[in-house]
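# Inside the fold
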Amino acid sequence: MLRLSSLAQTLLWDLRRVHEQLTSTTAIGALAALGALSALLYWWGFAAPFSLLAYHDRPLLDLFRLVQFKPEARALLISVFLAQGALYWLGWRVAQRAQGRLAWWIVVGWALLF
């Protein structure tokens, strides 16, 4: 009976380790996907509609003046900020499950991109 219990504990420990590894691998993939989605959202919501190349000749211009009389641009800006906040929250939750150097490189890489 003692041997069976020891064997069961060993198998259970191995299953936990495999589950943690799968969870970490899934979390790393999700972290990379969330970073890519955030980059696309930055481009689509901030860089493309409010390009510095288009407005470089206007000094002291800010986002408020750009969207002041454009309700659709204001709605886009608000929705992109809300979506980015949701992605950051999801990224934080996923990063708590990710383990290893690859997870750190993904986080640092996306942070350097922005």
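Above this note sits the structure.
Please read all numbers here as calculations on a predicted model, not as lab measurements. (Residues numbered from 1 in each chain as written. Predicted model: local features only at pLDDT ≥ 70, side-chain atom pairs only at ≥ 80, totals over all residues. Heavy atoms only, no water.)

Each aromatic ring pair is described using two quantities: the centre-to-centre distance and the angle formed by the ring planes. By the definition in use, this model includes two aromatic pairs. Both rings, one in F46 and one in F81, keep their centres 5.0 Å apart while their planes meet at 55°; by these two values the pair is tilted. In this pair, F46 is assigned in helix α1 (residues 2–47) and F81 in helix α4 (residues 71–95), connecting sequence segments 35 residues apart. Through pairs of rings, three or more aromatic residues link up here, namely Y42, F46 and F81. (Phe/Tyr/Trp six-rings, centres within 6.5 Å; stacked < 30°, edge-to-face > 60°. Helix = DSSP H or I, 4+ residues; strand = E, 2+ residues; numbered from the N terminus.)

A few words on unusual backbone geometry. Its identity as a non-glycine residue notwithstanding, L60 has a phi of 55°, on the positive side. Here L60 shows up in the loop between α2 (52–55) and α3 (63–67). The exposure class assigned to L60 is exposed, which follows from its relative accessible area of 80%. (Buried < 20%, exposed > 50% of the residue type's maximum accessible area, 1.4 Å probe, protein only.)

Our focus in this paragraph is the pattern of salt bridges. Under the counting rule described, the total for this entry stands at one salt bridge. We note a salt bridge from R65 to D62, for which the minimum N-O separation is 3.6 Å. Taking relative accessible area as the criterion, D62 reaches 36% and is therefore assigned partly exposed. (Salt bridge = Lys/Arg side-chain N within 4 Å of Asp/Glu carboxyl O.)

With respect to the helices and strands, the residue S38 is situated in helix α1. Sequence-distant contacts of S38, that is, excluding residues within four places in its chain, are made with Q84, L87, Y88 and F114. (Contact = heavy atoms within 4.5 Å.)

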